[in-house]
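Chain residues, written in single-letter form:
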Amino acid sequence: NTALNIPSLLLLETYLDEYYNKHKINKIPFKKTTKNNYEYGTQRIVIKMEGSFFRVKFAGGYATVDKFIELNANMESVKLKTKGAAAKKKVPKKK
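Residues numbered from 1 in each chain as written. Predicted model: local features only at pLDDT ≥ 70, side-chain atom pairs only at ≥ 80, totals over all residues. Heavy atoms only, no water.

**Student:** Tell me about the sheet that holds strand β1 (residues 30-34), and name the residues and values.
**Tutor:** Across a sheet, paired strands are connected by hydrogen bonds in the backbone, their directions being either parallel or antiparallel. Here we have five strands laid out as an open sheet, ordered β1-β2-β3-β4-β5, and antiparallel in their pairing. A single partner strand is all that each edge strand has here, and the edge strands are β1 and β5 (61-64). Taking each pair of neighbouring strands and ignoring which way they run, the sheet shows an average axis angle of 35 degrees. Pairing of strand β3 (residues 43-50) with strand β4 (residues 53-58) involves five bridges; the strand directions are antiparallel. By the bridge assignment for β4, V46 is matched with K57. (Pairing = 2+ DSSP bridges. Helix = DSSP H or I, 4+ residues; strand = E, 2+ residues; numbered from the N terminus. Axes fitted to C-alpha atoms, helices over the stretch in contact; angles between N-to-C directions.)

Pasting the structure below:
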């Protein structure tokens, strides 16, 4: 397991852009928080490069990036929409 350095981070970003375009699904960003730690929607995950592919560690175990997105994209999209709608309701109205 290797840490994601700048070249591999750029490779991950390029890979994700191509994946989302190919599969025509809503893009949920992977937000880097620390070394190999990311947030994907509402989930905290770890991404490491293993050989020539990226491996994701998440609450459901381990998966390739493709499989992880396949398993979680729809659920995270719904969670983010629900979270956004709830945040809008909590905004106090101006007097």
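Picking up after the structure, the text goes on.
**Student:** Talk me through the pairing of β5; I want residue IDs and the actual numbers.
**Tutor:** Here β4 runs beside β5; their pairing, made up of four bridges, is antiparallel. Counted as the bridge partner of F58 is G61 from β5. What sits between β4 and β5 in their antiparallel hairpin is a turn of two residues.

**Student:** Describe the packing of aromatic side chains, with residues and values.
**Tutor:** Any aromatic ring pair is given by two values, namely how distant the centres are and how the planes are angled relative to each other. Tallied over the entire structure, the rule returns five aromatic pairs. Both rings, one in F30 and one in Y40, keep their centres 4.6 Å apart while their planes meet at 40 degrees; by these two values the pair is tilted. One end of the pair, F30, is in strand β1; the other, Y40, is in strand β2 (residues 37-40), and ten residues separate them in sequence. Their ring planes at 50 degrees and their centres at 6.3 Å tell us that F30 and F68 sit as a pair that is tilted. Here F30 is found in strand β1, whereas its partner F68 is found in helix α2 (residues 65-90), with 38 residues between them in sequence. For the pair F30 and F68, a shared accessibility class is recorded, and that class is buried. Site record: aromatic cluster; members linked through ring pairs are F30, Y40, F58 and F68. (Phe/Tyr/Trp six-rings, centres within 6.5 Å; stacked < 30°, edge-to-face > 60°. Buried < 20%, exposed > 50% of the residue type's maximum accessible area, 1.4 Å probe, protein only.)

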